[in-house]
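# Fold and geometry: a report
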Protein chains: 2
Amino acid sequence: MTTAARIAARPALSRLLPVLEWGRGYGRATLSADLLAALIVTIMLIPQSLAYALLAGLPPEAGLYASILPIIAYALFGTSRMLAVGPVAVVSMMTAAAIGNVAQSGTADYAAAALTLAALSGLFLLVMGLLRAGFLANFLSHPVIAGFITASAILIAGGQLGPLMGIKVQSETLPALLQSLWAGLDGANPVTLAIGVLAVAFLTWVRKAMKPWLRGLGLGPRLADMLTKAGPVLAVAVSTLAVWALGLEARGVATVGAIPQSLPPLTWPSLDLTLVRQLALPAVLISLIGFVESVSVAQTLAARKRQRIDPDQELIGLGAANLAAAFTGGFPVTGGFARSVVNADAGAETPAAGAFTAIGLALAALFLTPALVHLPKATLAATIIVAVLGLVDLSALRRSWRYSRADFLAIAATIVMTLALGVEQGVMTGVLVSMVLHLWRSSRPHVAEVGLVAGTEHFRNLNRHDVQLHPHVLTLRPDESLYFANTRYLETLILDRLAQRPDVRDVVLMCSAVNEIDITALEALEALNAQLAAEGRRLHLSEVKGPVMDRLQRSDFLRHLSGRVFLSQYQAFRALTGMTA
Amino acid sequence: MTTAARIAARPALSRLLPVLEWGRGYGRATLSADLLAALIVTIMLIPQSLAYALLAGLPPEAGLYASILPIIAYALFGTSRMLAVGPVAVVSMMTAAAIGNVAQSGTADYAAAALTLAALSGLFLLVMGLLRAGFLANFLSHPVIAGFITASAILIAGGQLGPLMGIKVQSETLPALLQSLWAGLDGANPVTLAIGVLAVAFLTWVRKAMKPWLRGLGLGPRLADMLTKAGPVLAVAVSTLAVWALGLEARGVATVGAIPQSLPPLTWPSLDLTLVRQLALPAVLISLIGFVESVSVAQTLAARKRQRIDPDQELIGLGAANLAAAFTGGFPVTGGFARSVVNADAGAETPAAGAFTAIGLALAALFLTPALVHLPKATLAATIIVAVLGLVDLSALRRSWRYSRADFLAIAATIVMTLALGVEQGVMTGVLVSMVLHLWRSSRPHVAEVGLVAGTEHFRNLNRHDVQLHPHVLTLRPDESLYFANTRYLETLILDRLAQRPDVRDVVLMCSAVNEIDITALEALEALNAQLAAEGRRLHLSEVKGPVMDRLQRSDFLRHLSGRVFLSQYQAFRALTGMTA
């Protein structure tokens, strides 16, 4: 039975709550696998959560809170067994961009707006899920996502140069970033910069070279892997100790400072109408981007283990996670790539691993926060920079240039507009450009004149194949559905070809590539039929698909058609040329 | 030689100035045909021009001016031999809606804005023509145009109830129209209303029954036809005489009043930046709507005589006409349906008929205007009402409902939005809805499992035809190009079908309906290929079109493909099933 069939056959409740399914078979072996994965992910998530909260312009503890309840909510409703939900770089940055327009970072209004944004995002995802409207995300093409992630990563990394140097920078757009970096350069704090640069260097080494080095020291692959994952924690610990021991705060090094020792608080997102109106569009974009990223990760991981996920149920899982964030002092969350891969690699078997991670982070929020008072913000900035630079993928530009100019244009436009105008405009431009390019392409379709490939019953383009033709029969194969955007183009093209061929008595439109004939095209076909009839020529159709034929039969067209509709092009050619089999 | 070929072969100058071509063969017979047509069209245009100027919110003489130089400009640059250019109902109404936002009707600013609008419209058309961008108009589908014309005609006719009753009404939207009619009802002038109702009744009779009645009196068909065309002039003459003889102006009947006796003045459109910015979008919409209407008329008339028009050169002709209107006290113009049909029916052979019409109207502007002082505005309103009600076509709704729900939705949305929000919003909604519906449809394509039709080499849907299959071979025919909007949908669908068929070893994608594979779809195909390979299954393609194959060969996909690419589906089936011919 397929996943889809299994999902359909499941009782309604366990369909809405996948936990009821995997929870039944939960045993000891699974438990220990999940516990180990949770430990590794918890260690990795502590610095990451703090860093992404700062990236979103929020106090660091918001990052921990956004990683506790949301993980549990997703574990209950989501269909992926390995996805790890929480704050991620791009969504955190979009959050900062959206809230930055309605409130000042650091104020209570700002934190309140973050809750509202998470709530709106959660509601939107939930509604999309209940309407089974996950297909909407399909309009974000790979080029748009690739371009958007690359440009966002550049903006995020650039923006983190601020805390890395101890200055304030604007990073909504590249021009603002460069200008504020240039203006603020004089105020850079050398000690902060030293910590930041050392942290970047160390973390880059961890990422690229630590594992082989540990293996070289004789450690087992599993241990080496675990220690590598703990690299960022080491950077946090060492730099915190250094700040504390050397009293670097007195020399201008900004630190995280006192974090409340508390479980996630119960918060209530404001649904003030003005605020909702201002945040509605960003919430939709954040939801869609977050959903696409999350589903891609979940599908990749599920495919490894021959599991399947249900994108519409994923919407519900992510919606629940965001609502959980909104009610527990968090901000918008989604399934993250790095953390999910770590979770899967560490051997997570079920969403229970996520629940254990949540418990680990809750313990950290309760007991570990005093140790983070002296943690320099520059270290967290370094964590983000190293993480997001891994997302910059300029090879997509090169690959798409080779494969298709339209795809290249979509990536380039998305990158340029995101850098020039910001994340929201960037992603909207990308979607628009890719749709317009698709419509544009289908508005000037390829049309082949086809003939019979010798020795077969197959018809192909006379310019590419050695084919058999007949002087009185012209067969054209329009390589596109016939619809309003290409109707006039095709009409002109067909009439021009016919005008060059006065001997042609029978015109056959081979419809193997025609998946739709809309009413605009139908009227044009009627006009073409009438004009050909007036010239003593007949119009025939061949290989009309079932759904297209059903529709034609509901119109008057077939009654007026001067020629016939043939099942196959071969039958048309045989009948019209008097060829014998 | 085809028109296109002939156009291409023509020297550049005569391509830009079609007059150089038809002017050479001009003789006596053509002259007398053109003169007669010009006389008939002139008689018809006098009341129409005045009426459309009032509809646009301008003084009546503007309508005459807009019909003189623009006709000559089109005659020089246009490619249609029978198109009659001038003010038309829908464009006049769009003009009123656009200028109404920036100036008060009756002021000098209002008339100046009309000139600017015509100039912008002319420039836009000219630039489109020089860029050969006439295809842009293809994005206005028949449903959108039909819906837009119907809704506009309702608004126009409703708005003319104002002058018909001697009250002021708002007609930008249906709610505004109904509200202002209701509020103004008490102030209706009974004498004006009587004139108006009589004129509507008479003109309706002229339209429907005058010709058979004249034939019944024993008149020849040609004379009966000419007299019918002169019907509106008779209404104008009789009602003017009645107002003058009975002194009806004293009883509150509004008349056209004094019109300057003059040739078109030389005017200079303001290109003030604020004004240009306000009028740019309306100018684009007016240009596109006007162009589409004009080209449809021109193509219909040309097809009757086996002539062809060149849409891109038409843009230049209409652009020149609008610039001429801008510099001679006019307002936006286009090729009108009624006047062009009359011109053609009256026997016009060349654009010279248009030039003679222009001379006729110039004479009217010089000598006839004093006779129009007492012409009641109610008569002109009646002319418009009878003319535009002929454009209301609700049968398009019925036909499209039967043929395709998507087309129906596009018409309905355009009608509703035009009536509810006005002409600009209406047409933009229509374009957007029809594009989104097209993308939506292509995002969930039909996929057929196909088999061999017995006794042929043809493959069809197993649900519709009696076909031969093989347990180890699954052939799917996706009925759409593979692109970002349908990638995930197809991926899920193919994997689900495969999961139900564990025996399948070879999967063939029959690509006869695949006109494009974009990079998003390419990556999905690569993933599918890898997953099938991991399951010990092979992926094959068949009937890949030339342009699609060219592109695949520029990627790595074919190198990694586990199966083969077959020229025809029959060859694929034979090779994979071990069938002998």
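This text goes with the structure placed above it.
Since the structure is predicted, the reported quantities are computational estimates derived from the model, not experimental observations. (Residues numbered from 1 in each chain as written. Chains lettered and ligands numbered in written order. Predicted model: local features only at pLDDT ≥ 70, side-chain atom pairs only at ≥ 80, totals over all residues.)

### Examining the interface of chain B and chain A
Put simply, the test is: It is the C-beta atoms, placed from the backbone, that decide contacts: two residues are in contact if theirs lie within 7 Å. Only DSSP runs of H or I reaching four residues or more are called helices, and only runs of E reaching two or more are called strands; each is numbered from the N terminus.
With 58 residues of chain B at the contact, the number on the chain A side is 58 residues. Only helix 9 (142-165), helix 19 (395-403), helix 21 (423-443), helix 22 (484-499), helix 23 (519-534) and helix 24 (546-553) of chain B provide two or more residues apiece to the side of chain B that touches chain A. For the side of chain B that touches chain A, the element with the highest residue contribution is helix 22 of chain B, accounting for eight residues.

### Thoughts on the relation of the copies chain B and chain A
For clarity, the cut-off: The fit set for superposing copies consists of C-alpha atoms from residues with pLDDT of at least 70 in both; the fit itself is least squares.
Superposing chain B onto chain A takes a rotation of 180° plus a shift of 0.0 Å along the axis, which leaves an RMSD of 0.1 Å. A rotation of that kind, with that shift, is consistent with a two-fold axis. Distance from the rotation axis, computed per C-alpha, reaches its smallest value in chain B at A513(B): 1.9 Å. When you check the interface residues of chain B against chain A, 100% turn up at the interface there too, and the contact is symmetric in its surfaces.

### Focus: the pairing of strand 3 (residues 447-453) of chain B
A regular strand places its side chains on the two faces of the sheet in alternate fashion. All names here are of chain B. Which entries qualify depends on this criterion: The rule for pairing is simple: two strands pair if DSSP sees at least two bridges between them.
Examined bridge by bridge, strand 3 and strand 6 (residues 473-478) share three bridges and lie antiparallel to one another. The residue of strand 6 that forms the bridge with E449 is L476. As defined by bridge partners, strand 3 adjoins strand 4 (residues 459-461) across three bridges and the pair is classed as antiparallel. Opposite G451, over in strand 4, you have R460 as the bridge partner. Here strand 3 folds back onto strand 4 in antiparallel fashion, the turn holding five residues, of which G455 has a positive phi close to 80°. Sheet topology places strand 3 next to strand 5 (residues 467-468); two bridges connect them, and they run antiparallel. Each residue of the ladder has a partner; that of L452, found in strand 5, is Q468.

### Digging into unusual backbone geometry
Residue and element names in this part refer to chain B. Put simply, the test is: Labels follow a simple rule on C-beta atoms placed from the backbone: if 20 or more others lie within 10 Å of a residue's own, it is buried; if 12 or fewer, it is exposed; otherwise it is partly exposed.
Of note in the backbone geometry, R132 takes a positive phi value of approximately 50° without being a glycine. Within the fold, R132 resides in the loop between helix 8 (108-130) and helix 9. Looking at R132, the number of C-beta atoms within 10 Å reads 12, which means it is exposed. Phi at E543 is positive, roughly 55°, even though this residue is not glycine.

### With respect to the packing of helix 8 of chain B against helix 15 (residues 311-327) of chain B
All names here are of chain B. We count it as follows: Fitted lines through C-alpha atoms serve as axes, helices being fitted only where they are in contact, and the angles separating the N-to-C directions of these axes extend from 0 to 180 degrees. An angle counts as roughly parallel when it lies under 35 degrees, as roughly antiparallel when it exceeds 145, as roughly perpendicular when it falls between 65 and 115, and as oblique in every other case. The handedness criterion is simple: a crossing whose near helix is rotated anticlockwise from the far helix by less than a right angle is left-handed, and one whose near helix is rotated clockwise is right-handed.
Helix 15 packs onto helix 8 with a crossing angle of 160° between their chain directions and a minimal axis gap of 7 Å. Here helix 15 runs roughly antiparallel to helix 8, going by the angle between their axes. Crossing geometry of helix 8 relative to helix 15 is assigned as left-handed. Touching L115, A118, A119, S121, G122, L125, L126, M128 and G129 of helix 8 are D312, Q313, L315, I316, L318, G319, N322, L323, A325 and A326, all from helix 15.

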